Each structure stands twice: as structure tokens, then as C-alpha cells.
Amino acid sequence: MTLRELAVRYGFLVLLVVLVAYFAVAAEGFASPQSAVFIFQSVAITGVLALGVTATLVVGGFDLSIGSVATTAMMAAAYVMVVLDGNALLAVAICLAIGVVVGLINGFLIVFMRVPDLLATLGMMFLLVGLQRIPTEGRSIATGMTMPDGSVADGTFSPAFLALGRHRFDFFLPNLVPVSVVVLLILAAAIWFFLEYTRFGRTMYAVGSNERAAALAGAPVKAYKIWAYVISGIFASIGGILLAARLGRGDIASGNNLLLDSVAAALIGFAVLGVARPNAFGTAVGALFVGVLLQGLTMMNAPYYTQDFVKGAVLVVALVFTFALSGASRR
Amino acid sequence: MRAPAVFRLVGLEKSFGPNKVLDGVSLELAAGEVTVLMGANGAGKSTLVRVISGVYRPEAGSMELDGAPFVPHTPAEAIRAGLVTVHQNINDGVVAALDVATNLTLDRLNGAGAPLLFNPRRVRREARAVADRMGLAVDLGARIPDLSLADRQMVAIARAMAHEPKVLVLDEPTSSLSGAEAERLFALIGRLKAHGVAVLYISHRMSDIRRLADRIVALRDGGIAGAFEKKPLDYEGAVNAMLGRKVSAGTLDLREAGVSVFTAKGLQIEPGARPFSLSLGDGEVVAVAGLVGVGKTALAETLFGIRRPLAGSMRLAGSAYQPASPKEAIAAGVFLVAKDRGENGIVPAFNVYENISLPFLQRLARFGVSQRRAERAVARRQIADLGIVCRSEKDDMATLSGGNQQKVMVARWMAEQARLFILDEPFQGVDIAARRDIAAKLRASAAGRATLIFVTELDEALETADRILVMSEGTIVGAHRNQGLRMERLLAEIAGQPVRGVA
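This text gives an overview of the structure that appears in the document. Computed from a prediction, not measured in an experiment: that's the story for all the values here. Every chain is numbered on its own, with residues counted from 1 as its sequence reads. As a convention, the first chain written is A and the first ligand written is 1, with the rest following in written order. Given that the model is predicted, a residue must reach a pLDDT of at least 70 before its local features are reported, and side-chain atom pairs must reach 80 or more before they are shown or counted; all residues, however, enter totals for whole chains, interfaces and linings.

Looking at the overall build of chain A
Then, number 1: Runs of H or I in DSSP of at least four residues are treated as helices and runs of E of at least two as strands, each being numbered from the N terminus. Along its length, chain A carries 13 helices and two strands.
Then, number 2: Relative to a compact globule of 331 residues, whose C-alpha radius of gyration would be 20 Å, chain A shows 20 Å and is just as compact.
Then, number 3: Every one of the 331 residues in chain A was classed for burial, and the buried ones make up 49%.
Then, number 4: We call two residues in contact when their backbone-placed C-beta atoms lie within 7 Å. Put simply, of all contacts in chain A between residues at least 6 apart along the chain, 75% involve residues at least 24 apart. C-alpha atoms define the radius of gyration in this analysis, and the globule rule sets the expected value at 2.2 Å times the number of residues to the power 0.38. The exposure scheme places C-beta atoms from the backbone and then counts, for each residue, the other C-beta atoms within 10 Å of its own, assigning buried at 20 or more, exposed at 12 or fewer, and partly exposed in between.

Structural data, given as C-alpha cells:
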């Protein structure tokens, strides 16, 4: 293996280690379990969405609706509990159902109506952003709010649901690891195993790389594409559940950055290990990379408004890695 | 008597990494002469074309055009200096979004002296002049997607000729043309010769070469392995020089078909086509020969469940066979090596063993979890079996030569036992050595299944098959045992001429 290949392959991981080492020395308190957990927690929801969109990238598609699926799920959870007095289980079930239905509709539009993936999911994104505001006439949902018909919504978020956002498991230290981080790790492991080690995942990669060849090898291409969008929808709705549980209300203004952050993580993932293709491990590392960088810079007193600039810079560097360097080394 | 050389290459060298692809190529082209360049896949033909057309820079050696040094840094410079290349992929030569007239004058949109404004009337006038000079009979207002492949090719060549080049390089120009279309191309090349253009014609089609060549140059392992210019040309010698070994042709050990494996009755595959019947026996290799566009691929797709027959019934191994999808066809033991491997076969993101295991992942997986070790074992066995040249089963497909890529495609479907094994144009873009390997392997392993091969080149059918079926206008018009063939009749059937005695 040449030096260049090594650099392309492990460059991003080395950069991550170097960053962590630098911040550990330069920023006081960075190298603590609490700080590590905070990093994971800060990227948990973005990471879950990014893992979902990775599935659509693998089949050669794209899902722009993930951010709005997450916020729609969040609003739906709040609506179910606060307005309809439903319990936690019902709220979670409704959220997941939203994810599945949106995924099916996206898949249907793309596979059967032949709408290009970016456009179909862009349309879905708009549709959902609008839809989630209709039941409450554009207001956020919280206990005690006045409904359009003048009545007062007096339901509350159930403690079981809030625990999804606030409970912390003991891990060496008491009350260390929040539920959202555990969910992120489980989903990351699951989708990674699914994509890399099952025949279904392999077939999805085949569909993304050469759809005709996959079809002629007997793969039900349309079904795989629809499944990819369903996976993406489900992951996005899980992200929405975590968001609702963390906030404890249906906040109309939250989740603006979800789409861009998670797509960035998935695209940064292309560069990890120099594989130049979507992959779950890379997506997770990509999300973590952004989290480490932001946490470190924040602890070194970088102002909050530089965050998007930093993310953008990381993404551009990662894309150059993917398309210029690893592409050239493969010929 | 040879005219003096207009284009001279001396000692060209080019490497990619450790691979020396061109190792001192020297060549001379004379005005008004067609030089055919033959070479197996991987011999360096494509690289040579890219070097002389200005895409790649040679590492050593020199080029001289019309007495002046020729050092093109870009394809545009090569064209301006008087050397024009028409590449193998026809659609690279034309811009699909524009009409014929704009395509013909496309190169005048740029470069020094190009007018600032786009004047459709002037473009039409200039295009008319170009078309007339070339004897091009195409509607100048037509859109490129509405043209046949041959017409697009003509437009690409006419456009190239608008520069009035001294040297024209044609890279496998007939690979996607039918016989009649190729004939038009040959007539055009004849006119160019008369105008004193030096033509470098790259092909492995013997029929083209016999028709056109004034001299033949064989390329092997990045060097010139032989040049043949004494009339009559020594075609066999050229093939031998290209392959570096003696080719033995036409010594097939024909087999009798065993019990019938596949039958079709009253099958109609295209609207208006006459229904036909078909019976394929165990252990026999049957070739379906026919021109491009006569329904060979339609028949292959019907057998493989991609399209439904319009009428008729099929039986496989004694039971009714009505596949609704490739998946069902594969489950029934009908496998298809589709034509055009780049488009329909290779998964570029996958390495060799992942490409081989693709259709049979389900059988190779345990509870849905893929067993890479088992996949690699299968791939290693297939690599050894078919003599695929690669470093290991983990190689990227892009690192393999065309012939080896095709072997991988065949290996993919030979990993499991088929009942009916269909190969659509399996020898397209494959060098003769790999083609013989594949054909020998197909024959050696033919027992236990019926093998059906769709080919355009009659030579390929003669080399491989026990029986030859001829297809024309969506139906089968003739069947021949590959022994003591009456060639005139076979050719007449292929050409679609009414033949007495065939119902």
C-alpha cells in the first residue's frame, strides 16, 4: 500500500484522533467521561437521521425529507400526549407509523411515479413542514396551550416518554449515558450490520451501483428502493421521538438544522476509510467528527455562530477526499 | 507503391503505474491508405488512440504529422493540427441535445475566429456544405435521439471530416452497426481514401478487415508484433501476430443433443413477427445468429422473464415455464449473461468475488447473513476454472481487461448449475484469446443443461455451436447443424432474403 493510499484510507480517522488529543491537551475538561457523553448526546439525533439517509444513499437515492419527518414526528408525539391525552406507547407508535408511511410515499413517488429522488423528497419535505402546523394553526404544542376551538389542552407528556430524553443509564459512573446515545449506538450497529453483512444490504449496494445489473441478477430493485426510503423514514421518526422527549414540548421552531447536519454527516462518511461510497460506519464517524470539533471549539471559547462555518469546512474537505483523492487512487 | 507517410510515430511509450502499456510503438500512415490496427484486448490499442488524439501524453517517443512535429496537449489541438479521432462509443461523438446541423458545426462554436453570436441560418448553411461533401443523407433538422446508431455514427464522422483532417482514426466504428449500416460506413471510408486521407482503422472484426484493409498492423503487449502490406494480405499471419500463437479454427467435436430440456411452441416475441417453435436438448450448444435489431435480445429477454411472449407457450424440463421476472427465471434454472457487460452486468462498486456471487447471495447466505468466506471460495474456483487473469478475487473490476471482465460475467452464472444457459453477445468487446477460452469452457461444461448463445458475428457461431439457428425479423428462419454448412444459404437467411424451401 502506498503512502497515498494509506493517507486516503486512514486520513480521516487519524485526523479524528489528532483532534481529540489536541482538545484533550488544550481544552480543560475535554478529556472527561461527561464531556465524551455530551459529544455523543449532541450528535445522537443528527446521527440517527444520518444513518437513515445512508440507506437511501446506498441504493443511489437521496432523502431530503428526513428533517421534516423528524419534526413532524415530534409534533405528532406532542399532539397525541398533550391534546389527545394519549400514553407514551401510542405516541411512539404514531411517530413510527408516520416514518413508515412517509417512506412508502417517497418510495412510491420515486419508483412508480418516476419522480427524481431529490425532487420527490423535496416536495415531501415542504408538504410535511406545512402539514405539522395545520392542527395547531402554526403554534407550538405545550401543556396549557389554547386550541383553535378555544379549549385548553391540559394533557401532559407522559413520564415514560420523557424518560427517552432524560433518563441516564449508569455506566461506570452513576447516571452517565442518556437513552438517546444508547439508541444511536444500537441503531448504528444494526444498520452497519445490515448493510455490510446481510445479503439484503449487499443487494442494496448493487442496486445503487448498477441498477440494471442488479435487476438482471434477479434482485427486486423496486422493492429494495422502497425499503430504503422506509428505513430512512423510520430512522427519521425515531430521531423525532428523541427530539420530542428531550424538549418535552412540540416546538415548531426546532429541528431546523437536522437535515443539513445529518446529510453532512453521511457525506463526510464517504471519506472515512477512503471507500468513496455511503457506509454506516463512516456516517457514524462523520457525525462524531463534527460533534468532537464543535465541542472542542466551544470549550476553547469559539463563539456559537462559527459552528456552521466549521461544519461546512469539514464537509468540503471530506468531499475533496472522497472525489479527488480516493477516486484518483482507484484507477 | 506506397505513398510517403503523412503521419509517423516513433518509439511511443506510456505507462500507468508499473504497467507499461505502450512499449515503443512505431508506425507510419500513408495518404489515401487504410491501415488496420489489430490487437487483443489489453494490447494497448485504446491507449495508443488516446495518445495520438491528445488525451494522454506519451512518456517517450515522438510523433510527426505532415513533416512537422505533432505534440498535442489536448484533443482540440490534435484536431486543429489535422488528426481527428472517432471514438468507439458513438454517443461520445454527438451531442444528443442538439440537432444534426448544430452537431455538424459544433467545433466551430469555439476556438479562434468563432463568431460571438449563434446564427442558425449560417449554421444550417455550413452544415449543408459539410453534409454534401460527405454524401451524408440525414435530415439536418433531426434531433440526435431520433437517429439510428448508424446515422449518429455518420454524423460524428462527418463532423470530424469538417476539419478536413489529414489523418482519421476510427476506433471500432462498426461494433454497434448492422451489416447494411456498416456497408454505408465502408462506402464513406472509400470516399475519404479517394480524397487522400490517411485512415487508421481499429477493429477485431475480420469481415471489416477483409473489406477495407490496405495494410494490417498487429499490436501485442504494447508493441508492434507485425506489419502486413504485401498483396494479397496475409490475414491469418496478422491474427497469429496479434495473438502470438497459432489459432486453430473450425475443429469442433460436435455432439448430439440429449433429451429435450427446453421447448417453445408458437412463440411470438414481437408484434407482427411470425410465431416459431424451438427445442433445445441437454448438452448441446446452440447459437442464434442474426443481424443487430432482428429480435435476438427480445428472445433472450423473453426466455429470462424480462418480457412476456405475445403468444405461445414454453416448457422447461417437462413443466410449463412462464417466468414473470428474472428472479423466477433464475429460480427455475434459466440464467442469462446479458449483452453489454458495462451496462447490464458489472457492478462497478463491487470487486470480482462480489460480482460473481451477486445472483446467488441467497444460497450463499445463512439466515440472511452473507458468508464472505464461502463467496470467495466460489470465486476462486471460478477464477481458476475460466482462467481469469487477476491478482486475487478481491480485485476491483476496473483493473481487469475487457476479456477478463467478460469471463467474470460468465463465471457469475456458471457458479451454479443451469438448466438453460443463455448468453447474449458474450463475445462483444472481447479479444480472440478470451473468446476462445469462454467458448471452450462453454462446450466443456455443456452437459446437464441447454446452452443458447446469441451472436451477430457468424464466425463466433461457427466456432462455438453444435447447431446454428438464424433469426430475422423477430422469428427463426433457419436451423443448421454446424457441419458441412451451406454458407450461401446461411448468409442469405441472415440477410433476410426470401429463401425457397423454408416455411
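Once the structure has been displayed, the description carries forward.
A closer look at the overall build of chain B
Then, number 1: On a plain count of helices and strands, chain B comes out with 18 helices and 22 strands.
Then, number 2: Taking 23 Å as the expected radius of gyration for a compact globule of 503 residues, we find that chain B reaches 24 Å, a close match to that expectation.
Then, number 3: Along the three orthogonal principal directions, the C-alpha set of chain B runs to about 70 × 50 × 50 Å.
Then, number 4: Restricting the contact set of chain B to residue pairs at least 6 apart, pairs at least 24 apart contribute 68%.

Observations concerning the nonpolar core
Then, number 1: Connectivity within a nonpolar core runs through C-beta atoms within 7 Å, and the core itself is a set of buried Ala, Val, Leu, Ile, Met, Phe, Trp, Tyr and Cys residues. Counting residues in hydrophobic clusters, the biggest one holds 179 residues, and the most contacted among them are Val 48, Leu 49, Ala 77 and Ile 241 of chain A together with Val 334, Leu 420 and Ile 422 of chain B.
Then, number 2: Looking at this core, the element that brings in the most residues is helix α10 (residues 221-247) of chain A, giving 16 residues.
Then, number 3: Ignoring anything within four residues of it in the chain, the contact list for Ile 241 of chain A reads Ala 73, Ala 77, Val 92, Cys 95 and Leu 164 of chain A.
Then, number 4: Within the second largest apolar cluster, 72 residues are counted, among which are Val 21, Ala 160, Leu 168 and Ile 189 of chain B.

What to know about the interface of chain B and chain A
Then, number 1: Chain B puts 22 residues into the contact, and the matching count from chain A is 20 residues.
Then, number 2: Mapped onto the side of chain B that touches chain A, the elements with two or more residues apiece are α10 (326-331), α11 (341-344), α13 (361-364) and β18 (369-370) of chain B.
Then, number 3: The element best represented in the side of chain B that touches chain A is α10 of chain B, accounting for three residues.
Then, number 4: Residue polarity is assigned by list, with Asp, Glu, Lys and Arg as charged and Ala, Val, Leu, Ile, Met, Phe, Trp, Tyr, Cys and Pro as nonpolar; anything else, Gly included, falls into the polar class. Looking at the side of chain B that touches chain A residue by residue, the class counts come to 14 nonpolar, five polar and three charged.

Remarks on the packing of helix α3 (residues 66-83) of chain A against α10 of chain A
All names here are of chain A.
Then, number 1: Two elements in contact, α3 and α10, have axes whose closest approach is 7 Å; the angle formed by their N-to-C orientations is 50°. When the axes of α3 and α10 are compared, the pair comes out oblique. The handedness of the crossing between α3 and α10 is right-handed. Residues Ile 66, Val 69, Ala 70, Thr 71, Thr 72, Ala 73, Met 74, Ala 77 and Ala 78 of α3 lie in contact with α10, whose contacting residues are Ser 232, Gly 233, Ala 236, Ser 237, Gly 239, Gly 240, Ile 241, Leu 243 and Ala 244. Simply put, an axis is a line fit to the C-alpha atoms, just over the touching stretch for a helix, and the angle between two N-to-C directions goes from 0 to 180 degrees. Note on terminology: angles under 35 degrees are roughly parallel, angles over 145 are roughly antiparallel, angles of 65 to 115 are roughly perpendicular, and the others are oblique. For any helix crossing, the convention is left-handed if the near helix is rotated counterclockwise from the far helix by under a right angle, and right-handed if that rotation is clockwise.

Here we look at the sheet that holds strand β20 (residues 450-455) of chain B
All names here are of chain B.
Then, number 1: Strand order in the open sheet formed by six strands is β16-β19-β20-β13-β21-β22, and the pairing between neighbours is mixed. Each having just a single partner strand, β16 (334-337) and β22 (475-481) make up the two edges of the open sheet. Adjacent strand axes in the sheet meet at a mean angle of 20° when their direction is disregarded.
Then, number 2: Seen against the sheet, helix α9 (residues 296-303) touches β13 (285-289), β16, β19 (420-424), β20 and β21 (467-472) and runs at an angle of roughly 150° to β19. A pair of strands is labelled paired if DSSP reports no fewer than 2 bridges between them.

Some words on the environment of Ala 264 of chain B
Residue and element names in this part refer to chain B.
Then, number 1: Looking at the element boundaries, Ala 264 is found in strand β11 (residues 260-268).
Then, number 2: On the basis of neighbour counts, which here come to 23 C-beta atoms within 10 Å, the residue Ala 264 falls in the buried class.
Then, number 3: The sequence separation of Ala 264 and Arg 315 amounts to 51 residues, and the corresponding C-alpha distance is 6.3 Å.
Then, number 4: Once residues lying within four places of it in the same chain are set aside, the contact partners of Ala 264 are Ser 277, Leu 278, Gly 312 and Met 314.

As for the environment of Val 292 of chain A
Residues and elements named next belong to chain A.
Then, number 1: Following the sequence through the fold, Val 292 ends up in helix α12 (residues 280-299).
Then, number 2: The spatial distance from the C-alpha of Val 292 to the C-alpha of Ser 42 is 9.5 Å, given a sequence separation of 250 residues.
Then, number 3: The contacts of Val 292, once residues within four sequence positions are left out, are Leu 16, Leu 19, Val 20 and Ile 39.

A closer look at the packing of α3 of chain A against helix α11 (residues 258-271) of chain A
All names here are of chain A.
Then, number 1: Where α3 meets α11, the closest approach of the two axes is 7 Å, and the angle between their N-to-C directions is 130°. Judged by the inter-axis angle, α3 sits oblique to α11. The crossing of α3 and α11 is right-handed. Facing Ile 66, Gly 67 and Ala 70 of α3, the residues of α11 in contact are Leu 258, Leu 259 and Ser 262.
Then, number 2: Within the contact of α3 with α11, the residues separate by chemical class into four nonpolar, two polar and no charged.

What to know about the sheet that holds strand β15 (residues 319-320) of chain B
Residue and element names in this part refer to chain B.
Then, number 1: The strand order across the open sheet formed by four strands is β12-β11-β14-β15, and the pairing between neighbours is antiparallel. Of all strands in the sheet, those with a lone pairing partner are β12 (276-281) and β15, marking the two edges.
Then, number 2: Relative to β15, strand β14 (residues 311-316) runs antiparallel, the two being bridged by two bridges. By the bridge assignment for β15, Leu 316 is matched with Ser 319.

Description of the pairing of strand β4 (residues 60-65) of chain B
All names here are of chain B.
Then, number 1: Taken together, the five bridges between strand β1 (residues 5-16) and β4 define a ladder with antiparallel strand orientation. Residue Phe 7 lies in a different strand from β4, and its bridge partner there is Leu 65.
Then, number 2: Where β4 meets strand β5 (residues 68-69), two bridges bridge the pair, whose relative direction is antiparallel. When the bridges of β5 are listed, Leu 65 appears paired with Ala 68.
Then, number 3: Connecting β4 to the next strand, β5, in antiparallel fashion are two residues, including Asp 66 with a positive phi near 55°.

Quick look at helix α5 (residues 149-161) of chain B
In an α-helix, one full turn covers 3.6 residues, which means residues spaced three or four apart are oriented alike.
All names here are of chain B.
Then, number 1: In a helix, the anticipated span is given by 1.5 Å times the number of residues less one. Here α5 is 13 residues long and its end C-alpha atoms lie 18 Å apart, about the 18 Å a rise of 1.5 Å per residue gives.
Then, number 2: Of all 13 residues in α5, 12 are buried; the element is thus mostly enclosed.
Then, number 3: For α5, the complete set of buried residues consists of Ala 150, Asp 151, Arg 152, Gln 153, Met 154, Val 155, Ala 156, Ile 157, Ala 158, Arg 159, Ala 160 and Met 161.

Comments concerning the pairing of strand β1 (residues 168-171) of chain A
Then, number 1: Judged from the three bridges that link them, β1 of chain A and strand β2 (residues 173-178) of chain A form a sheet pairing that is antiparallel. The residue bridging Phe 169 of chain A from the neighbouring strand is Val 177 of chain A, located in β2 of chain A.

A few points about unusual backbone geometry
Negative phi values dominate among residues other than glycine, just as trans dominates among peptide bonds.
All names here are of chain B.
Then, number 1: In the Ramachandran plot, Asp 66 falls in the positive-phi region, its phi being about 55° despite a non-glycine side chain.
Then, number 2: Structurally, Asp 66 is set in the loop between β4 and β5.
Then, number 3: For Asp 66, a count of 16 C-beta atoms within 10 Å translates into the label partly exposed.
Then, number 4: In this model, Phe 367 sits at a positive phi of 50°, which is unusual for a non-glycine residue.
Then, number 5: Here Phe 367 is to be found in the loop between β17 (365-366) and β18.
Then, number 6: Since 6 C-beta atoms lie within 10 Å of it, Phe 367 is described here as exposed.

It is worth stressing that arrangement in space is one thing and function is another; only the former is reported here.
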